[in-house]
Amino acid sequence: MKVTAIMAHPDDTDLWCGGTLRKYYEQGHEISVVVVTNGRTGTNEAVSDSWLIETRQQEQLSSAKIYGAKEVLFLGNDDSELFETPETRKQIITAIRKLAPDVILTHNLKDQNSDHRVTAQLVTNSLIPLPLYTVRADAPAVETVPVVFMADTYAGIDNQPEVYVDITQQYPFKEKALGCHKTQLTGEIKWMELMALQSRFRGFQAGCGYAEGFTGFRVYSSIPDYHLLP
């Protein structure tokens, strides 16, 4: 099975579904990642945009190796200025058609971060056009529409997952993956602590050590099959 994570920023994949991706990888599935923005506002340090963008790409490439990602696509939209436009919709349709996943993991439509919400909107709004040859993009139409699972929100605010993935065995890999993002670990927000707290809380809810929570996105004629999660 082919699994693609489509997330807004470099490091979002690791924060919100890194354990699940590692578990998919251990089960022999093919992993790919799409990063929608360039991450250029991801620090208050006095560094150049070009340096931060390049550094964050390299951090993402390093972390993606931990869950065996076969391909990582960087769409390069400006961080903190992501909107749903014909151009960004075309980018997402092209990426999904090119990678042809069976399952997509993306952000939650309830997330407080605007880049996260827009990414979720772009993914879910692109599903119906995927098999339509009349919808033009830079990759041909596909026959099968992937199943989409939306990840958790910051601190779980306004979100109660429908299903949990036990990542107790995979959590050290999730931590190692986030640790690749050195530019993000020295700021005011303690991402490693936040990730541990939320993963333990979802694990407590699910009756295991650590967990990641997901909600299936429903589209006409397609009910998400939770058995597709590892």
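Residues numbered from 1 in each chain as written. Predicted model: local features only at pLDDT ≥ 70, side-chain atom pairs only at ≥ 80, totals over all residues. Heavy atoms only, no water.

Enquirer: Help me understand the overall build of the protein chain, please; the structure alone is not making it clear to me.
Expert: Helix and strand counts for the protein chain come out as 6 helices and 7 strands. Ordered by position in the sequence, the α and β elements of the protein chain form the string β-α-β-α-β-α-β-α-β-β-α-α-β. For 230 residues, the compact-globule estimate of 2.2 N^0.38 gives 17 Å, and the protein chain sits close to it at 16 Å. With respect to the principal axes defined by its C-alpha atoms, the protein chain has extents near 45 × 45 × 35 Å. Per-residue burial for the protein chain yields a buried fraction of 52% across its 230 residues. Counting contacts in the protein chain only where the partners sit at least 6 residues apart, residues at least 24 apart contribute 78% of the total. (Helix = DSSP H or I, 4+ residues; strand = E, 2+ residues; numbered from the N terminus. Rg over C-alpha atoms; globule rule 2.2 N^0.38 Å. Buried < 20%, exposed > 50% of the residue type's maximum accessible area, 1.4 Å probe, protein only. Contact = heavy atoms within 4.5 Å.)

Enquirer: Explanation requested: the packing of helix 1 (residues 12-26) against helix 5 (residues 171-179) in the structure shown.
Expert: In helix packing, the relevant descriptors are the interaxial angle and the interaxial distance, both defined with respect to the helix axes. With their axes 9 Å apart at the nearest point, helix 1 and helix 5 run at an angle of 125° to one another. In terms of orientation, helix 1 lies oblique with respect to helix 5. Where helix 1 crosses over helix 5, the two elements pack in a sense that is right-handed. Contacts between helix 1 and helix 5 pair Asp14, Leu15, Trp16, Cys17, Gly18, Gly19, Arg22 and Glu26 from the former with Phe173, Lys174, Ala177 and Leu178 from the latter. When the residues that make up the contact of helix 1 with helix 5 are grouped by side-chain class, the tally is 6 nonpolar, 2 polar and 4 charged. (Axes fitted to C-alpha atoms, helices over the stretch in contact; angles between N-to-C directions. Parallel < 35°, antiparallel > 145°, perpendicular 65-115°, else oblique. Left-handed = near helix turned anticlockwise from the far one by under 90°. Nonpolar A, V, L, I, M, F, W, Y, C, P; charged D, E, K, R; others polar.)

Enquirer: I'm lost on the environment of Tyr154 in this one. Help?
Expert: Positionally, Tyr154 belongs in the loop between strand 5 (147-150) and strand 6 (163-166). Residue Tyr154 is classed as buried on the basis of its relative accessible area of 17%. Not counting the four nearest positions on each side in its chain, Tyr154 is found in contact with Trp16, Asp111, Gln112, Asn113, His116, Trp191 and Gln198.

Enquirer: Please clarify how the side chain of Asn77 should be interpreted in this entry.
Expert: You can see Asn77 is positioned in strand 3 (residues 69-77). Among the residues examined, Asn77 registers a relative accessible area of 15% and is labelled buried. Setting aside its immediate chain neighbours within four residues, Asn77 contacts Val36, Thr37, Asn38, Leu82, Thr88 and Gln91.

Enquirer: Help me understand the side chain of Asp111, please; the structure alone is not making it clear to me.
Expert: By the secondary structure assignment, Asp111 is in the loop between strand 4 (103-106) and helix 4 (114-125). No salt bridge is formed by the buried Asp111. Its closest oppositely charged neighbour is Arg117, at 6.1 Å. Only 2.9 Å separates the side chain of Asp111 from the backbone nitrogen of Asn113, close enough to count as a polar contact. Polar contacts involving the side chain of Asp111 include one to the side chain of His116, which spans 3.2 Å. (Lys, Arg positive; Asp, Glu negative; His and termini not counted. Salt bridge = Lys/Arg side-chain N within 4 Å of Asp/Glu carboxyl O. Polar contact = N/O pair within 3.5 Å; in protein donor to acceptor, adjacent residues only side chain to side chain.)

Enquirer: What's the story with the pairing of strand 2 (residues 30-37) in this structure? I'm lost.
Expert: Taking burial as the measure, the 8 residues of strand 2 include 7 buried ones, the bulk of the element. One ladder, built from 6 bridges, connects strand 1 (residues 2-7) with strand 2; its direction is parallel. Residue pairing across strands places Ile6 opposite Val34, the latter belonging to strand 2. Tracing the backbone out of strand 1, into helix 1 and back to the parallel element strand 2 gives a crossover that is right-handed. Across 6 bridges, strand 2 lies against strand 3 in parallel orientation. Of the residues in strand 3, the one forming a bridge with Val35 is Phe74. (Pairing = 2+ DSSP bridges. Right-handed = clockwise from strand over helix to strand, strands pointing away.)

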